[in-house]
Amino acid sequence: SPRASRMEAERLSNREALLERISSGCHELDGPKAVGVSASLAQLDSPVRICLVGLGRAGAFHMQSLRFVGARVAQLVCVVDTNLELARRTATEFAASDCVARATLEEVMADVALAGRVDAIIIASTTDTHYGLCKLALSASKATFTEKPISHHAEEVDEVICLAKAARVPFLVGYQRRCDRNFRALRDLIADGALSSEPGRHGVRVIKCTSRDNPRPPEEYLRTSGGIFHDMLSHDFDMIHFLTGEIPDEVFTVGHCYDPAIAALDDVDTVVVTLRYASGLLATVDSSRVAAYGYDQRVEVFGERGMLTAQNESRHTVELATAAGHLRPCTEWSFPERYRHTYTVELTEFLNMVRNEPPLVEEDRLVERHALLGAVARAAERSWREGRNVKLAEVA
């Protein structure tokens with residue numbers, strides 16, 4: 001069946017299997033379909049030439065993925081970082097592809113010859129720079145992958161969305177949970193009617209998301225993160241949309257801060273959000289900046305015919321049983337461990353979009369969801385600050 005084929009493809013985890021996915025034209029975009037014609041990538045006469053902006057934590061994940069897929073598929077031709085010495089050291093590693101270092105993306109775009117060597121731009125810099133970099137990349141008609149968020153300001157998100165729709169080039173925002181095999185299996189089961197007795201309806205009535213980070217991010221990151229609602233909970237709001245395609249009408253939030261350093265940033269570290277949807281769907285998200293036992297990411301979906309649950313992933317599957325009881329392994333410790341495979345999946349699928357002729361682009365409604373989900377995060381934050389239900393219409 002198509003679902004079985006998708007699930008089998010998602011179980012592929014080694015390098016050769018991922019490269020096979022690229023060469024066979026397999027793609028799993030943020031939504032179920034994309035605009036464009038899927039073309040085989042079997043004839044990789046030339047790799048996709050990448051400019052990577054930002055060499056911090058997120059940039060390191062993308063560097064690892066680029067090494068994994070190899071220069072036959074993707075060539076790093078330019079690295080950009082305000083730490084020019086770091087950029088130069090990184091460029092040296094990729095000297096075989098004539099990689100160069102620059103301090104800003106403006107320098108890259110101003111160099112006509114260098115800009116002409118770039119097929120796609122990956123934006124992995126600090127969150128407060130994403131908006132300007134997205135504008136620059138899309139205005140140059142470059143395929144663009146950016147880490148989330150596009151911006152913390154609604155008008156800037158709208159501007160980038162308009163640019164992306166007008167440019168008709170591949171544009172993806174990095175919500176890596178959409179590339180996780182467990183959540184894709186969960187989505188596929190819902191789409192195949194596992195919880196519904198009526199064809200064409202998902203049958204979902206209640207969704208519970210648990211989203212507890214670990215370890216607590218450093219204060220340097222927290223200062224520019226946009227706060228827990230835009231940094232963490234935005235992933236959960238996006239996950240509910242990924243599973244159902246729905247946007248809430250109203251939210252209510254309660255929260256508390258146990259960490260004085262986070263309180264000093266006018267933020268909270270522990271939150272529960274309730275969301276109400278026009279279809280009758282109810283959802284809750286409980287979130288914490290830290291969980292002593294490891295990274296906790298679970299989703300429970302209750303529907304007309306039953307329940308689906310996506311559990312945490314453990315470090316291994318070995319369980320010790322003795323007279324004292326049963327000892328199970330810990331969950332993965334942090335999100336880089338829990339989602340280490342998703343960054344490579346994201347990259348391969350983005351490359352597939354770029355390599356197709358014509359290039360694959362997401363449907364407009366999927367690009368537009370970034371503005372709507374940004375409104376959900378703003379509504380959730382306002383609800384916490386004002387202690388009341390907030391309708392999405394108030395902040396959209």
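This text goes with the structure placed above it.
Worth saying up front: this structure is predicted, and the values here are computed from it rather than measured. (Residues numbered from 1 in each chain as written. Predicted model: local features only at pLDDT ≥ 70, side-chain atom pairs only at ≥ 80, totals over all residues. Heavy atoms only, no water.)

K.L.:
Looking at this structure, I do not really get helix H12 (residues 233–244). What am I missing?
P.N.:
Every α-helix winds through 3.6 residues per turn, so residues three or four apart in the chain are directed the same way. Compared with the 16 Å implied by 1.5 Å per residue over 12 residues, the 17 Å span of H12 between its first and last C-alpha is a close match. Counting buried positions along H12 gives 12 out of 12 residues, so the element sits mostly inside the fold. Just past H12, the residue Gly245 takes up positive phi, approximately 75°. (Helix = DSSP H or I, 4+ residues; strand = E, 2+ residues; numbered from the N terminus. Expected span 1.5 Å × (residues − 1). Buried < 20%, exposed > 50% of the residue type's maximum accessible area, 1.4 Å probe, protein only.)

K.L.:
Even after reading the chapter, I still don't get the layout of surface pockets, so can you show me in this structure?
P.N.:
One way to see where empty space is left: roll a probe the size of a water molecule over the atoms. Space inside the largest pocket adds up to approximately 1,100 Å³. If you go around the largest pocket, you meet 44 residues; those closest to its centre are Ala58, Ala124, Ser125, Thr126 and Tyr221. Every element with two or more residues in the lining of the largest pocket is listed here: helix H3 (57–69), helix H5 (105–110), helix H7 (130–139), strand E8 (204–212) and helix H10 (219–224). A per-class count over the lining of the largest pocket returns 16 nonpolar, 17 polar and 11 charged. (1 Å grid on protein atoms, 1.4 Å probe; cavity = no way out; pocket = protein on both sides within 12 Å on 5 of 7 lines; lining within 4 Å. Points joined across faces, edges and corners; volume = space filled by probe spheres on them. Nonpolar A, V, L, I, M, F, W, Y, C, P; charged D, E, K, R; others polar.)

K.L.:
Any chance you could explain the environment of Val73 here in plain terms?
P.N.:
Tracing the backbone shows Val73 in the loop between H3 and strand E3 (74–80). With 25 residues separating them along the chain, Val73 and Val48 place their C-alpha atoms 6.3 Å apart.

K.L.:
So what exactly am I meant to see when it comes to the nonpolar core here?
P.N.:
Taken as a class, soluble globular proteins show a tendency for nonpolar side chains to be buried jointly. Within the largest apolar cluster, 47 residues are counted, with the highest numbers of intra-cluster contacts made by Ile207, Phe237, Leu275, Val299 and Val301. Per-element accounting of this core gives the leading share, 7 residues, to helix H16 (residues 364–386). Those residues in contact with Val299 that sit more than four places away from it in its chain are Phe183, Leu186, Ile207, Lys208, Cys209, Met239, Leu243, Leu308, Thr309 and Ala310. (Core = buried A, V, L, I, M, F, W, Y, C linked by side-chain atoms within 4.5 Å. Contact = heavy atoms within 4.5 Å.)

K.L.:
Mind showing me how you'd approach the sheet that holds strand E4 (residues 100–102) here?
P.N.:
What holds strands together in a sheet is hydrogen bonding between their backbones, with the strands either parallel or antiparallel. Spatial ordering of the open sheet is given by E4-E3-E2-E5-E6-E7, a layout of 6 strands whose pairing is parallel. Of all the strands in the sheet, the pair left with one neighbour each is E4 and strand E7 (171–174). Ignoring which end each strand starts from, the neighbouring axes of this sheet average 20° apart. Pairing analysis gives 3 bridges linking E3 to E4, with the strands arranged parallel. Bridging from a neighbouring strand, Val80 pairs with Arg102 of E4. (Pairing = 2+ DSSP bridges. Axes fitted to C-alpha atoms, helices over the stretch in contact; angles between N-to-C directions.)

K.L.:
Please explain the environment of Asn214 as it appears in this structure.
P.N.:
Within the secondary structure, Asn214 sits in the loop between E8 and H10. When its relative accessible area of 3% is taken as the criterion, Asn214 is described as buried. Sequence-distant contacts of Asn214, defined by excluding residues within four places in its chain, comprise Arg289, Val290, Ala291, Ala292, Gly294, Tyr295, Trp333, Ser334 and Phe335.

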